[in-house]
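Report on the structure
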Amino acid sequence: MVKRFLITSALEDTWVFDTPVIFLGEWCKRKSRESQWKSIDSITIKYHWDDREKLKKDYFFIETIYESLLKETADHLNFIHKVDFSHRYWRILIGPWLGYFTQVIFDRWETIEAALHNFNIDSCKVLLTNDVELVPNDMTEFLSLIISDEWNEAIYAQILQRYFNNRIDIQSVANNKSSKSNKVSKVNKLKFFINDLIDKINGYSSKPDDYFFRSTYLPFKINYKVQQLLGQLPKFWRDIPSPVSALNLELRNWSWEKNNDKDLFYQLMQYLIPKSIPILYLEGYSRLNSKIDNLSWPSNPRVIFTSNSYSQDDIFKAWAALKTENGSPLVIGQHGGNFGMTPYSFYEKHQIEIADAFLSWGWSKESNPKIIPFGNFKSSSENLDYDKNGPALMVEMTVPRYSNHVYSIPISSQWLYYFADQCKFYETLPERLRSQINLRLYSADYGWDQKLLWNDKFPNIQIDNGSQDIRKLISKSRLYISTYNATTYLESLNWNIPTIIFWDENFWEINDDVKSYFDLLKSVGIFHDTPEGAANKMIEVWDDIDSWWFNENLQMVREKFCNRFSKTPNSLMINLHDVLKKIEIKGYK
C-alpha cells in the first residue's frame, strides 16, 4: 500500500504537493481551490457517517457520554464558582455548548481513527496554535469557530499529537492566521447601545412578575396584543452582548475522577473540556452574573417564553436558568421544521428537556405531556398568495463542511450528495422549464462555493444569492420547490402555495409514525423521494398548476398534514394567553 501524507483541512499551509496525499474528507477540497488540489496525487477518505446506521448508533452513544459529562462538568463548575445550582440550571446554560462540542469532537476522533486504521499514513503537518485562539468567549463565538478551517485543523492536531504521535510523523509549522476575532463592528456597537437603551426604557414600566417574551417568533402585532391580554404593558426585550473576560489557564487545570473503565474518547473529552469551555462559563462567570443582576428584566417572571434564545443567547440562558431555579416556568415554542419527525435530534431533545412546556406546531407525544400541540404561530397569521404566471422558486440549503451537530439531515460532505440530487432535478427538466427556475441559494455558503458549483455545471441558470425576502419571491412564483426537511415547505403548505418537495430519504430519515403523512403527500404528487420524480411532476402540472393544486383530494391531504406539523391555531392570541396562564398556574411537569 502506498504511503501517504495526511491533510486534515483546507488550510494549504499544512499541505504538500510533491508526494501522494490523503484528504481526510471532502471539506479539504474547496471548489475555488480546485486548481491546487486536482493536480495532487490524492485519495479522499469516505466519510464514516455515510453509514447512516453507524450515525444513528453513534448518536445514542454520544448522548450517553454527554449526559455523564454534563453532570461531571456541572459539579466542577459548582465547585469552582462556589455555587450549588441544579443540573437543570447548568443544562440550560452550558448544555447547548457541551452537546454540540461532544458530537463535534466524536466526529473528529472517529475520522482520524478510521484514517489511520484503514490507510498507510506516514506523516502530516500541523500548525502551531496558541491555546487562546481555540477558546471561544461565548456560545455565539463557539458556533462560528467549530465550522472554521483554523479551529478544526487545530483540533485534529491536538488529537494526533496526544494519541497518535507514535504512529505518524508530525511536523509543526508556523501559524500566522487567527481563527477568531474579538473585534466588534461599529454597526454592532450601535445596535447594542440602542438595544441597551430600549431595555432600560422597558425596565421603567416593567413589573417584577411580568410575563417575559424574548425571541418568540410571534409576529409583532400578535406579540403586542397577547401581552396586553395578559394584563401588562407590551415590551420587546433586545439582544444583550456577552461580557468579555481574559483567559486564565490556571483555572483550566481540572482534576477529573480517574476511571480506567472509560474509553479513550471519554478521556479525550475530559482533556478537552477544561481547555475548550467558553470563557463566559469559567473566567467570565462572575461578570456574567453581574450583567444578569443589572438587567432591567423582570426579577420574578410568571412565565418565560422564547422560541430561539435557548441556544446561543448566553445572557438569556444564564438569566432563565436562574429564574427557573426560583420557580419561574420556561416555555419554548417550536421555531422551525424537522421537529417531531425524526429519530434523533439533539437540539429538539435539549429544548424539550429544559422546558416546562414546549409548544409544537401540531404534533405531540403521548409519552411526554410537556409537548403541547399549539400550532404554527410563526406563519399562520400571514396571508400569502402566488403568481399563476410566475416562475418556479427552488430553495436550496447548505450545511457546514465540518459537522457542527447531529440530526437526521445530510452531514458535512454528504451535502455533495444533496447537491448532486439538485443537479439531477434540473437536468431532468426540458429547456423551457429550466429557464423558469429561480434558484435561491442558502445565504450561508460554509465554504462550499455553491455559486461556482452551479455555474460550472449550468452557466445560464438564474441564481438568487439568498438575500431577498423569501416571502416576496414566493408571491412572485407559481410553484415552490422545497428540497430539504426544514421550515420552508411547512410554511408554503400552511399558506396553501403550490409546492413540490423532494429529498433522499436515506439522508433525511423520519420516524415510522410519521411515514404515513409523507405517504399521503406522495399520493397527491407533493412529496417525491427522487429528484427525477419531482421534476416529472413539475413537467406534468406546469401549464395548469391550479387544476392539480386545488384538487379536492390534494387539499384534504394538505390540511391533514398541516394539522399535524404546521396547523393554524384557532384564535391565536386567546389560545396563547390561555396556555400561558395555565402553565403559570399548574405547569406542565
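As a reminder, the structure under discussion sits directly above these lines.
Keep in mind it's a predicted model, so treat the numbers as computed, not measured.

1. A look at the side chain of K125
- Take K125: it is sitting in strand β4 (residues 121-127).
- In this structure, K125 is buried with no salt-bridge partner, the nearest side chain bearing the opposite charge being D18 at 7.8 Å.
- Among all residues touching K125, those that are not within four sequence positions of it are F5, D13, T14, W15, V16, E153, Q171 and V173.

2. So, the sheet that holds strand β8 (residues 330-333)
- Spatial ordering of the open sheet is given by β6-β7-β8-β9-β10, a layout of five strands whose pairing is parallel. Only two strands of the sheet have a single neighbouring strand rather than two, namely β6 (212-214) and β10 (371-373). Across the sheet, the mean angle separating the axes of adjacent strands is 20 degrees when strand polarity is ignored.
- Inspection of the sheet shows strand β9 (residues 357-360) paired to β10 by three bridges, in the parallel sense. Considered in β10, the bridge of L359 is made with I372.

3. Overview of the sheet that holds strand β3 (residues 42-44)
- Spatially, five strands are ordered β3-β2-β1-β4-β5 in an open sheet, and the strand pairing comes out parallel. With partners counted over all chains shown, the strands left at the sheet margins are β3 and β5 (169-173), one partner each. Direction aside, the axes of adjacent strands within the sheet are offset by 25 degrees on average.
- Strand direction decides the pairing type here: strand β1 (residues 4-7) and strand β2 (residues 21-23), joined by three bridges, are parallel. Counted as the bridge partner of I7 is F23 from β2.
- Helix α6 (residues 149-163) contacts β1, β4 and β5 of the sheet and is inclined by roughly 130 degrees relative to β4.

4. Focus on helix α11 (residues 314-325)
- When the terminal C-alpha atoms of α11 are compared, their 16 Å separation across 12 residues agrees well with the 16 Å that a helix rising 1.5 Å per residue should span.
- Taken across its 12 residues, α11 has 10 buried, putting it largely inside the fold.
- Buried residues along α11 sit against α3 (87-118), α5 (139-145), β6, α10 (285-293), β7 (304-306) and β8.
- Directly after α11, the chain includes G327, whose backbone phi takes a positive value near 105 degrees.

5. Brief notes about the pairing of strand β15 (residues 499-502)
- Residues of β15 alternate between two faces, with T499 and I501 on one and I500 and F502 on the opposite face, all of them buried.
- Relative to β15, strand β14 (residues 479-482) runs parallel, the two sharing three bridges. Residue pairing in the sheet places I481 in a bridge with I500 of β15.
- Handedness of the crossover joining β14 and β15 through helix α17 (residues 487-494): right-handed.
- The pairing of β15 with strand β16 (residues 527-528) spans two bridges and is parallel. From the neighbouring strand, I501 faces β16, where its bridge partner is F527.
- As a crossover connection, the stretch from β15 through helix α18 (residues 512-523) into β16 is right-handed.

6. With respect to the pattern of salt bridges
- Applying the stated criterion to the full structure yields 35 salt bridges.
- D421 serves as the salt-bridge partner of K424, at 3.9 Å between the closest nitrogen and oxygen. In this pair, K424 and D421 both sit in helix α13 (residues 415-428), three residues apart, roughly one turn of the helix.
- Judged by relative accessible area, which is 38%, K424 ranks as partly exposed.
- Given a relative accessible area of 14%, D421 falls into the buried group.
- E584 is paired through a salt bridge with K581; the nearest N and O atoms lie 4.0 Å apart. Placement of the pair is E584 and K581 together in helix α22 (residues 572-585), with a separation of three residues, close to one helical turn.
- Note on E584: relative accessible area 29%, which makes it partly exposed.

7. Remarks on the packing of α6 against helix α9 (residues 264-276)
- Between α6 and α9, the shortest axis-to-axis distance is 12 Å and the interhelical angle comes to 125 degrees. Relative to α9, α6 is oriented oblique. Our pair here, α6 against α9, has a crossing hand that is right-handed. For the pair α6 and α9, contact is made by Q158, I159, R162 and Y163 and by L264, Q267, L268, Y271, L272 and K275, respectively.

8. Brief notes about unusual backbone geometry
- In the Ramachandran plot, S412 falls in the positive-phi region, its phi being about 55 degrees despite a non-glycine side chain.
- The residue S412 is located in the loop between β11 (392-395) and α13 in this model.
- Exposure remark for S412: the relative accessible area of 2% places this residue in the buried category.

9. Observations concerning empty space enclosed by the protein
- Scanning the entire structure with this criterion turns up six cavities of 30 Å³ or more.
- Roughly 70 Å³ of volume is contained in the largest cavity.
- Lining the largest cavity, in full, are P410, Y417, Y418, D421, Q422, T483, F502, W503, D504, F507 and W508.
- Counting residues per element, the lining of the largest cavity draws most heavily on α13, which supplies four residues.
- Each residue belonging to the lining of the largest cavity can be placed in one class, and the counts come to seven nonpolar, two polar and two charged.

10. Here's the deal with α9
- The terminal C-alpha atoms of α9 lie 18 Å apart, and with 13 residues this matches the ideal 18 Å at 1.5 Å per residue to within 8%.
- Those residues of α9 that are buried are in contact with α2 (52-81), α3 and α6.
- One side-chain oxygen at the N-terminal end of α9 lies 3.3 Å from the backbone nitrogen of F265; it belongs to D263.

11. Thoughts on the packing of aromatic side chains
- All chains considered together, the criterion is met by 56 aromatic pairs.
- These aromatic residues form a ring-pair network of at least three members: Y489, W503, W508, Y517, F518, F527, F561 and F565.
- When the ring centre of W37 is taken as reference, the NZ or CZ atom of K29 above it lies at 5.0 Å.
- A cation sits over an aromatic face here: R162 above Y271, 3.7 Å from the ring centre.

12. Quick look at the side chain of S477
- With respect to the helices and strands, S477 occurs in the loop between α16 (470-475) and β14.
- The class for S477 is buried, based on a relative accessible area of 4%.
- Those residues in contact with S477 that sit more than four places away from it in its chain are Y386, D387, G390, P391 and L393.

Thresholds, definitions, all that
Residues numbered from 1 in each chain as written. Predicted model: local features only at pLDDT ≥ 70, side-chain atom pairs only at ≥ 80, totals over all residues. Heavy atoms only, no water. Helix = DSSP H or I, 4+ residues; strand = E, 2+ residues; numbered from the N terminus. Buried < 20%, exposed > 50% of the residue type's maximum accessible area, 1.4 Å probe, protein only. Lys, Arg positive; Asp, Glu negative; His and termini not counted. Salt bridge = Lys/Arg side-chain N within 4 Å of Asp/Glu carboxyl O. Contact = heavy atoms within 4.5 Å. Pairing = 2+ DSSP bridges. Axes fitted to C-alpha atoms, helices over the stretch in contact; angles between N-to-C directions. Expected span 1.5 Å × (residues − 1). Right-handed = clockwise from strand over helix to strand, strands pointing away. Parallel < 35°, antiparallel > 145°, perpendicular 65-115°, else oblique. Left-handed = near helix turned anticlockwise from the far one by under 90°. 1 Å grid on protein atoms, 1.4 Å probe; cavity = no way out; pocket = protein on both sides within 12 Å on 5 of 7 lines; lining within 4 Å. Points joined across faces, edges and corners; volume = space filled by probe spheres on them. Nonpolar A, V, L, I, M, F, W, Y, C, P; charged D, E, K, R; others polar. Polar contact = N/O pair within 3.5 Å; in protein donor to acceptor, adjacent residues only side chain to side chain. Phe/Tyr/Trp six-rings, centres within 6.5 Å; stacked < 30°, edge-to-face > 60°. Lys NZ or Arg CZ within 6 Å of the ring centre and 35° of its normal.

The values reported here are purely geometric and, on their own, carry no functional implication.
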